[in-house]
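If you want the building blocks of each chain, they are given just below.
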Amino acid sequence: MRKKILAANWKMNLTNGEASDYLEVLVKELGEVNDVEVVLIPPFTAIAALAALSDRAPFIRLGAQNLHWEKSGAFTGEISAGMLRALYVKYVVVGHSERRLLFGESDAVINRKVRAALEAGLRPILCVGETLQQRENDGVEKVLEYQLREGLRDVSPKDFSEVVIAYEPVWAIGTGRTATSDQAQAAHAFARRILAAVSDHAIAERVRIQYGGSVKPENTEELMRKPDIDGALVGGASLDPRSFAQIIRKAEAALAA
Ligand code: 13P
């Protein structure tokens, strides 16, 4: 049984002070969470503030939005996996479509980051997903297969089930336009077949595949009921702790259904 993972990707939003206030509200809204995993992914500058409050919310895991693949050195502006580990970070987003499209990250760079994260004991959240143009020209499956095979190249079998995949169709990000639950399920099932092809069936069954793209409280439960959707990577609707708390509650409700 894969534990569902609900992650808040704040992108370039919220200061360290705002992050602390957010956590207070989230904890008040939620009380305790046992059945799903909750991850907060703030900007680098707010990680320490959240880490300092971890005893207030022991069920919350911390994530980062990016990393550099080298351990240290002359890489101005970059952050290493070891630096994140030292702040109790467990997850790191790799290959988000905004990094791919706005900052020119290639699949080869993304693969180096995935491997650097695993080597340091971080769990990468590898983001994949097609643009609208790719969907129309190449088809979803071709894009997903390429991004998964390249992103996971040379990942050792022992590390494989540490990886989380996030399927984020680019046309659904920040647009209010969600993939239907059937569209998302089809893409997730396909992604799992590719995972089985590059590792094996048993490992692929253990890997969690999150959906991302205009997830909000109103569409969470239906998405989370699908057999291959193992959580959500939430952008805009995660910036308000009350709305993210509702998303978590809806995901729990989907388990009970
Ligand atoms: P939105 O939820 O704002 O569409 O963003 C999704 C996303 O990119 C999460 O990583």
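Residues numbered from 1 in each chain as written. Predicted model: local features only at pLDDT ≥ 70, side-chain atom pairs only at ≥ 80, totals over all residues. Heavy atoms only, no water.

### Concerning unusual backbone geometry
With phi around 65°, Y88 is a residue other than glycine that occupies positive phi space. Position of Y88 relative to the elements: it lies in the loop between α3 (81-85) and β4 (89-94). Phi angles above zero are rare outside glycine, and D154 is one such case at about 65°. In this structure, D154 sits in the loop between α7 (140-151) and α8 (157-160). (Helix = DSSP H or I, 4+ residues; strand = E, 2+ residues; numbered from the N terminus.)

### Some details on the pairing of strand β1 (residues 5-9)
Most of β1 is tucked away: five of the five residues are buried. Taking every second residue as pointing to the same face, both faces of β1 are buried, with I5, A7 and N9 on one and L6 and A8 on the other. Note that β1 and strand β2 (residues 37-41) share five bridges and pair parallel. In the strand pairing of β2, I5 is matched with E37. On the question of chirality, the crossover connecting β1 to the parallel β2 by way of helix α1 (residues 16-30) is right-handed. Pairing between β1 and strand β8 (residues 231-234): four bridges, direction parallel. In the strand pairing of β8, I5 is matched with G231. (Buried < 20%, exposed > 50% of the residue type's maximum accessible area, 1.4 Å probe, protein only. Pairing = 2+ DSSP bridges. Right-handed = clockwise from strand over helix to strand, strands pointing away.)

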